[in-house]
Each structure stands twice: as C-alpha cells, then as structure tokens.
Amino acid sequence: MPKKTISNKSNYHHGDLKSTLVNEATQILKEEGVEGLSLRKLADKIGVSRTAPYHHFKDKNQLLCTIAEQGFVRWQRDAESIFNRDDISAQQKYQLFFHGYIQYAADNPELYDLMFGRTIWKQNSATQALKDIAFPSFQHQVEMTRIWQKQGIMPSNENTLRLSQVTWGTMHGIARLLIDGIYADRTHIYEMCDCAVNLFTRQLSISDEVD
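Definitions and cut-offs
- Residues numbered from 1 in each chain as written.
- Predicted model: local features only at pLDDT ≥ 70, side-chain atom pairs only at ≥ 80, totals over all residues.
- Heavy atoms only, no water.
- Axes fitted to C-alpha atoms, helices over the stretch in contact; angles between N-to-C directions.
- Helix = DSSP H or I, 4+ residues; strand = E, 2+ residues; numbered from the N terminus.
- Parallel < 35°, antiparallel > 145°, perpendicular 65-115°, else oblique.
- Contact = heavy atoms within 4.5 Å.
- Nonpolar A, V, L, I, M, F, W, Y, C, P; charged D, E, K, R; others polar.
- Expected span 1.5 Å × (residues − 1).
- Buried < 20%, exposed > 50% of the residue type's maximum accessible area, 1.4 Å probe, protein only.
- Salt bridge = Lys/Arg side-chain N within 4 Å of Asp/Glu carboxyl O.
- Polar contact = N/O pair within 3.5 Å; in protein donor to acceptor, adjacent residues only side chain to side chain.

Student: How should the packing of helix α7 (residues 160-179) against helix α8 (residues 186-200) be read in this particular structure?
Tutor: Relative placement of two packed helices is described by the angle separating their axes and the distance separating the axes. As a packed pair, α7 and α8 sit with axes 10 Å apart at the nearest point and diverge in direction by 170°. The pairing of α7 with α8 is recorded here as roughly antiparallel in orientation. Here Leu163, Val166, Thr167, Thr170, Ile174, Leu177 and Leu178 of α7 come into contact with α8, specifically with Arg186, Ile189, Met192, Cys193, Ala196 and Phe200. Looking at the contact of α7 with α8, its residues break down into ten nonpolar, two polar and one charged.

Student: Mind showing me how you'd approach helix α4 (residues 90-107) here?
Tutor: Residues spaced three or four apart along an α-helix point in a common direction, a consequence of the helix completing one turn every 3.6 residues. With 18 residues, α4 should cover 26 Å at 1.5 Å per step; its first-to-last C-alpha distance of 25 Å lies within 8% of that length. Burial in α4 covers these residues: Lys93, Tyr94, Phe97, Phe98, His99, Tyr101, Ile102, Tyr104, Ala105 and Ala106. On its buried face, α4 sits against α3 (60-83), α5 (109-116), α6 (128-150), α7 and α8.

Student: Would you mind showing me how to read the side chain of serine 137 here?
Tutor: Along the chain, serine 137 falls in helix α6. Those residues within four positions of serine 137 in sequence are excluded, and the remaining contacts are Phe72, Trp75 and Gln76.

Student: Would you take a moment to explain α8 for this structure?
Tutor: Look at α8: 21 Å from first C-alpha to last across 15 residues, which is about the 21 Å you get at 1.5 Å a residue. Close packing links the buried residues of α8 with α4 and α7.

Student: Hey, could you run me through the pattern of salt bridges in this one?
Tutor: Proximity of charged atoms lets side chains of opposite charge pair with each other. Taken as a whole and assessed by the stated rule, the structure comprises seven salt bridges. Salt-bridge contacts for glutamate 24 lead to lysine 45; the nearest nitrogen and oxygen are separated by 3.5 Å. You can see glutamate 24 sitting in helix α1 (residues 14-32) and its partner lysine 45 sitting in helix α2 (residues 39-46), a full 21 residues away along the chain. Of the charged contacts in the structure, one is a salt bridge between aspartate 180 and arginine 176, with a shortest N-O distance of 2.7 Å. Since its relative accessible area comes to 22%, arginine 176 is described here as partly exposed. Taken together, the salt bridges that share partners define one network made up of Asp113, Arg176 and Asp180.

Student: I'm lost on the environment of serine 137 in this one. Help?
Tutor: Judged by its relative accessible area of 13%, serine 137 falls in the buried class. When the C-alpha atoms of serine 137 and valine 73 are compared, they prove to be 8.5 Å apart, with 64 residues separating the residues in sequence. Polar side-chain contacts of serine 137 include one of 3.5 Å to the side chain of glutamine 76.

Spelled out as structure tokens, the structure:
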C-alpha cells in the first residue's frame, strides 16, 4: 500500500508558522524590498495555503510592523551588549554605540528603512505593538545620554532630550547617506562617525576655549 504524501502545510504547528512567516518575510524584504513582499507570495514560498498567513497577520502592514519590531529588538540587544561591557571606558562605549548604529543600518538597509521610514510611520500605520518597542528604544538612548552627561562624556549644559535628538538625527543622517549610496565608500562613513563622536563628546565649550 503506497505511503501517503505529507504536505508541507501540515509540518507547522500554530506557533511555529508565525515565526516561520516572519523569518521568511524578513529574508524576502532583504532581497526584494517592501514591494516584493506579499502574504500570498510568502505563503507560496513556505508551502502553506494562501489563507494561512491571515491567521497570524490581518494584512501586509501588520506583518511589516512585526518585522520592524524584531529589528528594534535586535538593535536594542546589540546596544545593550555594548553598554554592559566592563572592559572598555565610557568614551569607548559611546564610540562603539555610534559606529554600531551605522553598521546595523549598513548591514540591514531594507530593515532599517522599515524601522524608520515612511512605509509605516508616514502613513501613521504603526501597530501598538511596534510603538511599544520603538518608542522605548529611543527613550533608552535618552537615559544613556543622561548617564554620559553625568560621566562627563557629553556636554552637561545641554538639555538631555535635545542632545539625544540631535545625536540620533546625526546618526540617522549618516546612515541614510550610506544606505542611499551617496557615500558608498564606508571608510568615509567611519571617519564621519569619529568626527561626530569627537564633536558630541567635547568637554570644553566654545566660551571655555575663548577664556
């Protein structure tokens, strides 16, 4: 008696399928961008029914928000691994944090675009789950900036929130230059990072130098 062929559709448990969908969607995003990703295409690639993804994501936007969530989680994990090191100085931590941010964007350009670009935020379509991860991620940078100010690494006379915003704005700007190919040579980017770090961590104000 011939054995029955088991379809791939039966090889996923309920919880496993969601993880598989997100992982495969992240890979498609990396290779083809947002335009190349659809729930139908995702289902076909995994080998499940075209209705299966809708049990976990009501639409493409929710899927994209879930991918962006994971991007923030991964970056936060990388940042914390830098902050938790006890073998380097606070100044070196800040430098690694700045470079790490740019490296993360360079290694994951499509994901970075999704995390910070217009696809989700300009359309005001971020899910609450994404907001609950994205906003605290910046708040963590504000808290670290406050610590760096207390340590004398960053100017203590500047408003912590504004300093955090300007720092992030600079990192984001450099990341965009790299992703958009305006500065394709990464050695230039890294030199720009070092220049920015030196500016943000100067302990003497202009008035101090004049005096």
